[in-house]
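So the chains spell out like this:
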Amino acid sequence: MSGLATLWLRPGVRAAVWQALAAAAVLAALLWVAGNIAGNVARRGLDIDFGFLAGRASFEFGENLIGYRPGDTFLTAFLAGLANTVLVAVLGIVLTTMVATLLALARLSRNRLLSRLAWIWIEAVRNTPLLLQLLFWHQLTIRTLPAPRQAWELLPGTFLSNRGLVFPALYWQPAMGLALAALAVAILAAVMLRRLALARGDGPALRTGAPLLLALGAPAVLFAAAAEPLHGSVPALRGFNFQGGIAVSPEFVALLLALVVYQAGFMAETIRSGILGVPKGQVEAAASLGLSRLQQLRRVVFPQALWIIVPPVTSQYLSLTKNSSLAVAIGYPDLVRVSQVTIADTGRAIECITILLLVYLSLSLFTAFLMNLYNRYLMRRRG
């Protein structure tokens, strides 16, 4: 057998060769696309220039986190759209995880009615298009919800109407920054104290009570010592709408509802499969020790199910972030909406589409990076 044949029999060599060929094919495809774009742009007498971002944008934007106003630069408008997109993605991921977990537990419940209702939810949302659900929730919020004068008071000072959701606001103060810093340090110290108490076999007071008192008491004492009273704004009905507090548009409410309801249907099945993947012997052993149903889930089932759940759930998080781009269908001012208006104003379609591609790619890679870190942490704990 020749030397090349012997070398080819090594799995590592074959893997390296195939990876090099795949990388070369991808690079060739990218070069072809870049050359094709450059040729078409040259033939049409166009140029690719991102200098338009420094120009002044004249369009209205609506709600945004960074205070964009007409007359600011296009770059500021894109940053405002990015902030809205990230806000929807982060809130959507948190709420979807919570709803999907409850939905998965309901699906596994011994109560047949509860289990069937969860099954209907899952099957209904998984077999209808997200865009259709988004339009449904949007029409529901603007057509069905009451006017501000008859708004639903969900919590004291929190109202839901066809103008959106309004809730009390707290104004930022220097003492709040110090309190948050103290809270972070106190939580870290409380975690270390609890681990030390568990290792030494101390009583419940030192395992739970002392860390909780430390985590809550330290920032409260620091904030009280700063002698700065809290200042806030509570919504109140003035005329035909609410004044004060923080207002969230119906488009935002509809988008968040649609994403959470839709994505939770898929994620619930992922979580359910992870729970079912835990060996029954583990659950039976936990039950034989006298652990309650909740204790079994918290101490035995979920720690083992996470090894199965995290990788596919990462894909669900990425899907939710990308699906948020459908907000343009109901007029919510996200990144895609800003891009559309900017293209209409400047004609810079290639540049705006490139920005969208790079931003969504970066968000996806960053989310996957964080989830991979968490997955590695779980694998280290598994040993």
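The structure under discussion appears in the preceding block.
Throughout this description, residue numbers start from 1 for each chain and increase along the sequence as written. Under the rules for a predicted model, residues below a pLDDT of 70 receive no local features and side-chain atom pairs below 80 are neither given nor counted, while totals for whole chains, interfaces and linings still include all residues. Side-chain measures were taken over the full set of non-hydrogen atoms in the model, leaving aside hydrogen atoms and water.

## Describing the packing of helix H8 (residues 250-276) against helix H10 (residues 293-323)
Geometrically, a packed helix pair is captured by the angle between its two axes and the distance between the axes.
Okay, so step 1: Note on geometry: axes are C-alpha line fits, over the in-contact stretch for helices, and angles between N-to-C directions span 0 to 180 degrees. Helix and strand assignments follow DSSP, with helices taken as H or I runs no shorter than four residues and strands as E runs no shorter than two, numbered in order from the N terminus. The contact between H8 and H10 brings their axes to 8 Å, and the two run at 155°. It follows that H8 is roughly antiparallel to H10 by the angle criterion. Remark: the crossing between H8 and H10 carries right-handed chirality. On the side of H8, the interface is formed by Leu259, Tyr262, Gln263, Phe266, Met267, Thr270, Ile271, Gly274 and Ile275, while H10 contributes Val301, Phe302, Ala305, Ile308, Ile309, Pro312, Val313, Gln316, Tyr317, Ser319, Leu320 and Asn323.
Okay, so step 2: Throughout, the ten residues Ala, Val, Leu, Ile, Met, Phe, Trp, Tyr, Cys and Pro are labelled nonpolar, Asp, Glu, Lys and Arg are labelled charged, and all others, Gly among them, are labelled polar. Residues belonging to the contact of H8 with H10 are distributed by class as follows: 15 nonpolar, six polar and no charged. Oblique is the label for any angle not covered by the other classes, which are roughly parallel (under 35 degrees), roughly antiparallel (over 145) and roughly perpendicular (65 to 115). We call a crossing left-handed when the near helix sits turned anticlockwise from the far one by less than a right angle, and right-handed when that turn is clockwise. Working rule for contacts: check all heavy atoms of both residues, and any pair within 4.5 Å makes them a contact.

## Focus: the environment of Tyr262
Okay, so step 1: Looking at the secondary structure, you find Tyr262 in helix H8.
Okay, so step 2: Three exposure classes are used, based on accessible area relative to the maximum for each residue type with a 1.4 Å probe and protein chains only: buried under 20%, partly exposed in between, and exposed over 50%. Taking relative accessible area as the criterion, Tyr262 reaches 14% and is therefore assigned buried.
Okay, so step 3: Each C-alpha atom, one on Tyr262 and one on Leu130, is 6.7 Å from the other, the two residues being 132 residues apart in sequence.
Okay, so step 4: Excluding its chain neighbours within four sequence positions, the residues that come into contact with Tyr262 are Val125, Thr128, Leu130, Gln133 and Asn323.

## Here we look at the sheet that holds strand S3 (residues 164-167)
Okay, so step 1: Pairing is antiparallel across the open sheet formed by four strands, whose spatial order is S1-S2-S3-S8. Looking along the sheet, the strands with just one partner apiece sit at the ends: strand S1 (152-155) and strand S8 (246-248). Here the average twist between neighbouring strands, direction ignored, is 20°.
Okay, so step 2: We call two strands paired when DSSP finds no fewer than two bridges between them. Relative to S3, strand S2 (residues 158-161) runs antiparallel, the two sharing three bridges. By the bridge assignment for S3, Leu160 is matched with Leu165.

## Let's talk about the packing of aromatic side chains
Okay, so step 1: Aromatic rings from Phe, Tyr and Trp, taking only the six-membered ring of Trp, are treated as a pair when their centres fall within 6.5 Å; an angle between ring planes under 30 degrees marks them as stacked, one over 60 as edge-to-face, and anything in between as tilted. A complete count under the given rule lists seven aromatic pairs for this structure.
Okay, so step 2: When the ring of Phe52 is compared with that of Phe74, the centres are 6.2 Å apart and the planes differ by 55°; the resulting orientation is tilted. Here Phe52, found in the loop between helix H2 (11-43) and helix H3 (74-107), pairs with Phe74, found in helix H3; they are 22 residues apart in sequence, far enough to count as distant.
Okay, so step 3: Take Phe52: its relative accessible area is 11%, and that puts it in the buried class.
Okay, so step 4: With 5.4 Å between their ring centres and 70° between their planes, Phe136 and Trp137 make a pair best called edge-to-face.
Okay, so step 5: Note on Phe136: relative accessible area 49%, which makes it partly exposed.

## As for the pairing of S2
Okay, so step 1: Burial along S2 is two-sided: the face carrying Thr158 and Leu160 and the face carrying Phe159 and Ser161 are both buried.
Okay, so step 2: As paired elements, S1 and S2 share three bridges and run antiparallel to each other. The residue of S2 that forms the bridge with Leu155 is Thr158.

## Thoughts on the pattern of salt bridges
A side chain with one charge can pair with a side chain of the opposite charge if their charged atoms come near.
Okay, so step 1: The rule for a salt bridge is simple: a side-chain nitrogen of Lys or Arg has to be within 4 Å of a carboxyl oxygen of Asp or Glu. Inspection of every chain in the model, using the stated rule, returns two salt bridges.
Okay, so step 2: When the shortest N-O distance is used, the salt bridge between Arg272 and Glu269 registers 3.0 Å. Taken as a pair, Arg272 and Glu269 lie in helix H8 at a separation of three residues, close to a single helical turn.

## Focus on the nonpolar core
Okay, so step 1: The biggest cluster of nonpolar side chains holds 23 residues, and the ones touching the most others in it are Ala100, Met267, Ala268, Ile271 and Tyr317.
Okay, so step 2: Put simply, the parts of the chain that give this core at least two residues each are H3, helix H4 (112-126), H8, H10 and helix H12 (349-382).
Okay, so step 3: The element that contributes the greatest number of residues to this core is H10, accounting for eight residues. Throughout this description, the term nonpolar core refers to a set of buried Ala, Val, Leu, Ile, Met, Phe, Trp, Tyr and Cys residues connected via side-chain atoms within 4.5 Å.

## A word on a nonpolar patch on the surface
Okay, so step 1: Residues enter patches when they are more than 30% accessible in relative terms and free of salt bridges; like-charged ones are connected within 9 Å and nonpolar ones (Val, Leu, Ile, Met, Phe, Trp, Tyr) within 5 Å. Using the Shrake-Rupley algorithm and a 1.4 Å probe, accessible areas are obtained, with residue cover drawn only from the displayed protein chains. There is a patch of nonpolar side chains on the surface, built from Trp32, Val33, Ile37, Ile48, Phe50 and Ile350 and spanning about 550 Å² of accessible area.
Okay, so step 2: Looking at the nonpolar patch, the element that brings in the most residues is H2, giving three residues.
Okay, so step 3: Checked against the element boundaries, Trp32 lands in helix H2.

## Brief notes about the environment of Leu108
Okay, so step 1: Considering the arrangement of structural elements, one finds Leu108 in the loop between H3 and H4.
Okay, so step 2: On the basis of relative accessible area, Leu108 is assigned to the partly exposed category, the value being 24%.
Okay, so step 3: Sequence separation between Leu108 and Ile275 is 167 residues, and the spatial gap between their C-alpha atoms is 9.2 Å.
Okay, so step 4: Those residues in contact with Leu108 that sit more than four places away from it in its chain are Arg272, Ile275, Leu276 and Arg293.

## Details of the layout of surface pockets
Okay, so step 1: Considered as a void within the structure, the largest pocket measures approximately 480 Å³ in volume.
Okay, so step 2: Along its surface, the largest pocket is lined by 14 residues, and Leu108, Ile275, Leu276, Val283 and Arg293 are the ones closest to its centre.
Okay, so step 3: Those elements that place two or more of their residues in the lining of the largest pocket are H8, helix H9 (280-288) and H10.
Okay, so step 4: Sorting elements by how many residues they give to the lining of the largest pocket places H10 first, with four residues.
Okay, so step 5: Its residues assigned to classes, the lining of the largest pocket comprises eight nonpolar, two polar and four charged.
Okay, so step 6: Here a cavity denotes a set of grid points, spaced 1 Å apart and computed over the protein atoms alone, in which a 1.4 Å probe fits but from which it cannot get out, and a pocket denotes an open set meeting protein on both sides within 12 Å along at least five of seven lines; residues with an atom within 4 Å of a point are reported as lining. Grid points are joined across faces, edges and corners, and a volume is the space filled by probe spheres set on the points. For the second largest pocket, the calculated volume is near 390 Å³.
Okay, so step 7: Together, 16 residues line the second largest pocket, and Leu160, Leu165, Val253, Leu256 and Leu257 are the ones closest to its centre.

## Considering H2
Okay, so step 1: Here, expected helix span is obtained from the residue count minus one, scaled by 1.5 Å. Taking 1.5 Å per residue as the helical rise, H2 with its 33 residues ought to reach 48 Å, and the 48 Å between its terminal C-alpha atoms agrees with that figure.
Okay, so step 2: Once H2 ends, the next one or two residues include Gly45, with phi positive near 70°.

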